[in-house]
Structure formats: structure tokens, C-alpha cells
Amino acid sequence: MRRIVSTHYHPGVTVDAALDRIVAAWDHVRERFGAYSLVLPGTPSFICQPNLCTAHCCNAFSVNLGEAEAARMTRETGMALVQFLELEDGDPITLPLAQPFLLAREGGHCRFLGPELGCTVYTGRPNACRLYPHFVVFVDDATGKVTTPPPGDARRALDALLAGQPLSPVPLLLGHAECPGFTGDPLPGASWRTLLEVTYQLQYEGL
Ligand code: SF4
Ligand code: SF4
């Protein structure tokens, strides 16, 4: 469950020159990302509408979080780990993943989904909730394959694209097709750049 605040990034710079490269990279991988659509300047912007979907994302998905996210949740809500994580024998379940914890669920949905379909821990919510329904992937357009570049290369590729001079790999901003929130006005180019930057930061650079 995400709320987007549009700000401007690199005002005056357009990514028009990069659009062909983005679309070509997407053509390589679109079949593998059937649950996603490509988000471009001019596609409908996102407006979270939990009443339209009965807060689908907070019902359908289990949410993983890492240690820094868990610490933020504690800081923002005052809750101890055992009050917001899934437990086993009284201790938080830890999965063998970079984000090892699971947010507690109850009644078939996240424990923190409120009766009015709002998030009751909004300022402490995990990164997955801040990201959704957006997602960034990198595509090596020489091979046509999805790739996970080292952080320095990923940041260089992102900055180059935002400056309108794409390198390989090409970052793609995707939207999850199950979310019904893509009904807003056409996304202005400056807002698209901000959304790409913010989504990248959350996904690849943490808090
Ligand atoms: S599925 Fe989309 S519209 Fe529905 S609550 Fe989640 S983010 Fe909002
Ligand atoms: S923490 Fe909030 S936004 Fe995230 S799944 Fe739970 S209710 Fe939804």
C-alpha cells in the first residue's frame, strides 16, 4: 500500500531519447513478467484505492522485512519485535534470506490492516509496502536477460537513464497488474523520473 508524492527530479531533462531503449529492453523480458506492465511517462499514474480492491495487497501478500526495517518499525510504533513479527515458539521466525523476518498476519491478512482498510503502522511499514505496486528490474540489452548489477553499476545505469543517456543494463520501472490503482492522469515525465528514483532507492539501497 503506497502513497505517491510527486516531486521533481532533474527538471528540464527528458528521457525521450531513452524511451526506445527502454521499450526494446522490455520486449526482451515481458513474457517472463506477465504479472507486470511497463510504467512509462504518459501511462496512467497510480492512486492507491483500497476500497476498490478491499486492500488486495495487504490481504494477498506475506511481507518480508530486514533488520533495519524491523528497527524502524519498533522506532515508529513503539512495538517490540514479538508484537509485529510472525513467531515460532515465542521467537521471530528467521528465514535464510537478506530480509529474514515475516510481518505478522491474522485473519487472512496483515495484522496491521485497519477496519477502514488503512495501514495502522503507516510510518513504520516495511519497504515492500512502500514499494508496492512498483518494482525495478535491470535488463542487459546486449543479452536480453534480466541481471542484478553490483550496486555501483546499478546506480550508474540509473543515473545515466535519468539523464537521458542510457547505458546497459537498462532499468525498467514496472507496475503489478493485480493492483487496480493505475487509473490516474498520464504520469508526467518529471514524476516518472522521481518514481523510478524512489523505487530504486527503496529496492536497492534500503531505507
Ligand atoms: S492493491 Fe493497489 S490499490 Fe489496492 S490497496 Fe494495494 S496498492 Fe492500493
Ligand atoms: S504494514 Fe500496512 S501497508 Fe503493509 S501489508 Fe500491513 S497493512 Fe498493508
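As the structure is a prediction and not an experimental result, all values here were calculated from the model.

Enquirer: Tell me what's going on with the domain arrangement of the chain, and back it up with residues and numbers.
Expert: Interface extent is often summarised as the accessible area lost during association of the parts. Assigned domains within the chain: domain 1 (16-46 + 133-204) and domain 2 (53-124). The distance between the C-alpha centroids of domain 1 and domain 2 comes to 27 Å.

Enquirer: Report on the pairing of strand β8 (residues 134-140), specifying residues and quantitative values.
Expert: β8 sits mainly inside the fold: 5 of its 7 residues count as buried. Here β8 runs beside strand β10 (residues 170-176); their pairing, made up of 6 bridges, is antiparallel. From the neighbouring strand, V136 faces β10, where its bridge partner is L173. Sheet topology places β8 next to strand β9 (residues 145-147); 3 bridges connect them, and they run antiparallel.

Enquirer: So what's going on with the confidence of the model for the chain? Residues and values would help.
Expert: Looking at the chain, the pLDDT average stands at 92 and 93% of residues meet or exceed 70. Confidence drops under pLDDT 50 across residues 4-11; counting only partners more than four residues distant or on other chains, this segment forms 18 contacts.

Enquirer: Provide a residue-level description of the pattern of salt bridges, including the pertinent values.
Expert: Counted by the stated rule, this structure contains 7 salt bridges. One salt bridge in this structure joins D27 and R30, with 2.9 Å as the shortest N-O distance. Classification of D27 by relative accessible area gives partly exposed; the value is 42%. Classification of R30 by relative accessible area gives partly exposed; the value is 42%. Notably, a salt bridge pairs R156 with D153, separated by 2.5 Å at the nearest N-O pair. Pair noted here: R156 and D153 are both in helix α7 (residues 151-162), with a separation of 3 residues, about one helical turn. One network of salt bridges, with partners in common, ties together R155, D159, E197 and E205.

Enquirer: Help me get a handle on the layout of surface pockets, residues and values and all.
Expert: Its boundaries defined by the atoms lining it, the largest pocket holds a volume of some 660 Å³. Sorting the residues of the lining of the largest pocket by element identifies α3 (56-60), α4 (67-77), α6 (127-131), β8 and α8 (189-204) as the ones contributing at least two each. Ranked by residue count, the leading element in the lining of the largest pocket is α6, at 4 residues. Here the lining of the largest pocket spans two domains, since at least three of its residues come from each of domain 1 (16-46 + 133-204) and domain 2 (53-124).

Enquirer: Could you give an account of the site of ligand 1, with specific residues and numbers?
Expert: The environment of ligand 1 is formed by 12 residues, the closest being C48, Q49, C53, C57 and C179. Taken together, the elements giving at least two residues each to the shell around ligand 1 come down to α2 (50-53) and α3. Across the shell around ligand 1, the residue classes break down as 10 nonpolar, 2 polar and no charged. Taken domain by domain, the makeup of the shell around ligand 1 includes at least three residues from each of domain 1 (16-46 + 133-204) and domain 2 (53-124).

The rules we used
Residues numbered from 1 in each chain as written. Chains lettered and ligands numbered in written order. Predicted model: local features only at pLDDT ≥ 70, side-chain atom pairs only at ≥ 80, totals over all residues. Heavy atoms only, no water. Domains from an automatic or database assignment. Buried < 20%, exposed > 50% of the residue type's maximum accessible area, 1.4 Å probe, protein only. Helix = DSSP H or I, 4+ residues; strand = E, 2+ residues; numbered from the N terminus. Pairing = 2+ DSSP bridges. pLDDT = per-residue confidence, 0-100. Contact = heavy atoms within 4.5 Å. Salt bridge = Lys/Arg side-chain N within 4 Å of Asp/Glu carboxyl O. 1 Å grid on protein atoms, 1.4 Å probe; cavity = no way out; pocket = protein on both sides within 12 Å on 5 of 7 lines; lining within 4 Å. Points joined across faces, edges and corners; volume = space filled by probe spheres on them. Near = heavy atom within 4 Å. Nonpolar A, V, L, I, M, F, W, Y, C, P; charged D, E, K, R; others polar.

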